[in-house]
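Structural overview
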Amino acid sequence: PRTAAVIPAAGRGVRLGPGAPKALRMLSGIPMLVHAARALAASRAVHLVVVVAPPDGAAEVKSLLDAHALPERADVLVVPGGETRQESVKLGLDVVPPDIGIVLVHDAARPLVPVETVDAVIDAVRDGAPAVVPALPLADTVKEIGPCAPGEPEPVVATPDRARLRAVQTPQGFARAVLVRAHETVAVSGEGATDDAGMVERLGAPVVLVPGHEEAFKVTRPLDLVLAEAVLARRRA
Ligand code: CTP
Ligand code: MG
């Protein structure tokens, strides 16, 4: 089946601090969303890239993508995004043409994902998994906290066994019909979700993990920009 990558890039990047929308910030002179689009289009299996732009930035994103060419075999669409990541993904999904059977959803904020990770996700969907997520073991132990008054120290209520936890990344890959159904169902229920696979889980469909990659980390806070530049410098060396 043909494969499309939807790249939500419509967030403001509040945690990165003041400046342009996160996906338009430069890494080694190239906008973050261009790195992300190239990383997905680097897979020979990706036929279409849909970039979901900041609501008032679709024209700018289109011209950035025209200026930084992707491989010829990948078509590019740009649509304006929404208030939440979930809405932005839905707006991207809405323009995926009917001949596409597999949809990847990839954060523009993960600009350095290696093509091997992209291909591993696509391969697992092709092999029959309806939903596939790249994931890594955690370095930190995680605590669950209980309710707490403002200004008080947070009380710990549980420490989940770290060996059974995974931190998830993108691209997450889906049989198109499953992802469309998940988005329709969640839109009706009014519930939010922080990742697409979480919505598929609520449908009761199986979600499986494949190995993620260190370089698929999400650029969230200022220190992540330092790390991203260092990874790019190492690749050039
Ligand atoms: N995203 C989006 N539309 C939104 C919010 C987020 O397309 N309304 C995208 C972001 O552009 C990013 C991805 O979802 O590529 C992951 O979100 P996150 O890392 O939280 O980015 P931001 O929401 O931009 O950052 P912050 O939460 O710090 O504002
Ligand atoms: Mg956000």
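Residues numbered from 1 in each chain as written. Chains lettered and ligands numbered in written order. Predicted model: local features only at pLDDT ≥ 70, side-chain atom pairs only at ≥ 80, totals over all residues.

**Digging into the overall build of the protein chain**
Keep this limit in mind: Strands here are runs of E lasting at least two residues and helices are runs of H or I lasting at least four, both read from the DSSP assignment and numbered beginning at the N terminus. Two things to know: the radius of gyration comes from C-alpha atoms, and the globule rule equals 2.2 Å times the number of residues to the power 0.38. In this description, any two residues whose backbone-derived C-beta atoms lie within 7 Å of each other are considered to be in contact.
Summing up its helical and strand segments, the protein chain has seven helices and twelve strands in all. The C-alpha atoms of the protein chain give a radius of gyration of 18 Å, which matches the 18 Å a tight globule of 237 residues would have. Taken along the three principal axes of its C-alpha coordinates, the protein chain extends 55 × 40 × 35 Å. For the protein chain, the proportion of contacts with a sequence separation of at least 24, taken over those separated by at least 6, is 74%.

**Overview of the environment of K218**
Counted only if it meets this: Buried, partly exposed and exposed are defined by the number of other C-beta atoms within 10 Å of a residue's own C-beta, namely 20 or more, between the two limits, and 12 or fewer respectively, with C-beta atoms placed from the backbone.
As for its position among the elements, K218 is in the loop between β12 (208-211) and α7 (222-236). Taking the number of C-beta atoms within 10 Å as the measure of exposure, K218 has 15 and is therefore partly exposed. Separated by 109 residues in sequence, K218 and A109 place their C-alpha atoms 5.4 Å apart.

**Some details on the site of ligand 1**
This is how it is decided: Near residues are defined by distance alone, with the backbone-placed C-beta atom required to lie within 6 Å of the molecule or strand. In this classification, the charged set is Asp, Glu, Lys and Arg, the nonpolar set is Ala, Val, Leu, Ile, Met, Phe, Trp, Tyr, Cys and Pro, and all remaining amino acids, among them Gly, are polar.
Surveying the vicinity of ligand 1 reveals 22 residues, the closest of which are P8, A10, G11, R15 and S88. Of the residues assigned to the shell around ligand 1, the class counts are eight nonpolar, seven polar and seven charged.

**Description of the UniProt feature "site: Positions MEP for the nucleophilic attack" (unreviewed entry) in the protein chain**
Rules: UniProt positions are given in the numbering used here, feature names are shortened, and annotations may be inferred rather than shown by experiment.
In this numbering, the UniProt entry assigns the feature "site: Positions MEP for the nucleophilic attack" (unreviewed entry) to R162 and K218. One can find R162 in the loop between β9 (156-158) and β10 (166-168). Here R162 falls in the partly exposed class, since 13 other C-beta atoms lie within 10 Å of it. Not counting the four nearest positions on each side in its chain, R162 is found in contact with L138, T141 and V142.

**Points about the nonpolar core**
Applicable threshold: Note on terminology: a nonpolar core is any set of buried Ala, Val, Leu, Ile, Met, Phe, Trp, Tyr and Cys residues joined through C-beta atoms within 7 Å.
Core analysis: the biggest nonpolar cluster contains 62 residues, and V6, I7, L33, A37, L40, V49 and V51 have the highest contact counts within it. Broken down by element, the residue count for this core peaks at eight residues, all from helix α1 (residues 32-41). Leave out the neighbours within four places in its chain, and A37 touches I7, V49, V51, L65 and L70.

**A word on helix α4 (residues 115-126)**
Residue pairs three or four apart in sequence face the same way in an α-helix, which turns once every 3.6 residues. Inclusion rule: Expected helix span is given by 1.5 Å per residue-to-residue step, counting one fewer step than there are residues. Arc definition: it is the arc formed by the directions from the helix axis to the C-beta atoms.
Counted at 1.5 Å a residue, the expected span for α4 with its twelve residues is 16 Å, and the 16 Å between its end C-alpha atoms agrees. All of the buried residues in α4 are T117, V118, V121, I122 and V125. The arc that holds every buried residue of α4, seen down its axis, measures 135°, which confines them to one face. Residues of α4 that are buried sit in contact with β1 (2-8), α1, β6 (100-105), β7 (131-137), β11 (172-175) and β12. Looking one or two residues past α4, G128 carries a phi angle of roughly 115°, positive in sign.

**Comments concerning the confidence of the model for the protein chain**
Let me state the cut-off plainly: Confidence of the predictor in every single residue is expressed as pLDDT, which spans 0 to 100.
Mean pLDDT over the protein chain: 96, with 100% of residues reaching 70 or higher. Across the predicted assembly, pTM comes out at 0.97 and ipTM at 0.99.

**Considering the packing of helix α3 (residues 85-93) against helix α5 (residues 176-189)**
The geometry of a pair of packed helices is captured by two quantities: the angle between their axes and the separation between those axes. As a reminder of what qualifies: Working convention: axes come from line fits to C-alpha atoms, limited for helices to the stretch in contact. Angles between N-to-C directions cover 0 to 180 degrees. Here roughly perpendicular refers to angles of 65 to 115 degrees, roughly parallel to angles under 35, roughly antiparallel to angles over 145, and oblique to all remaining angles. By convention, the crossing between two helices is left-handed when the near helix turns anticlockwise from the far helix through less than a right angle, and right-handed when the turn is clockwise.
At a minimum axis distance of 11 Å, the contact between α3 and α5 shows a crossing angle of 135°. With respect to α5, the axis of α3 lies oblique. In this structure, α3 crosses over α5, and the sense of that crossing is left-handed. Residues Q86, K90 and L93 of α3 form the contact with α5, whose participating residues are L179, V180, H183, V186 and A187. By residue class, the composition of the contact of α3 with α5 is five nonpolar, two polar and one charged.

**Observations regarding the packing of α5 against helix α6 (residues 196-203)**
The N-to-C vectors of α5 and α6 enclose an angle of 80°; their axes lie 9 Å apart at closest approach. Classified by the angle between their axes, α5 and α6 sit roughly perpendicular to one another. In this structure, α5 uses V178, L179, R181, A182, H183, T185 and V186 to contact α6, whose residues at the interface are D196, M199, V200 and L203. For the contact of α5 with α6, the class distribution of residues is seven nonpolar, two polar and two charged.

**Side note on the UniProt feature "site: Transition state stabilizer" (unreviewed entry) in the protein chain**
If you check UniProt for "site: Transition state stabilizer" (unreviewed entry), the listed places come out as R15 and K22 in our numbering. Looking at the element boundaries, R15 is found in the loop between β1 and β2 (26-27). Using a count of 13 C-beta atoms within 10 Å as the deciding quantity, one classes R15 as partly exposed. Not counting residues within four places of it along the chain, the set of residues in contact with R15 comprises T220 and R221. By secondary structure assignment, the location of K22 is in the loop between β1 and β2. For K22, a count of 24 C-beta atoms within 10 Å translates into the label buried.

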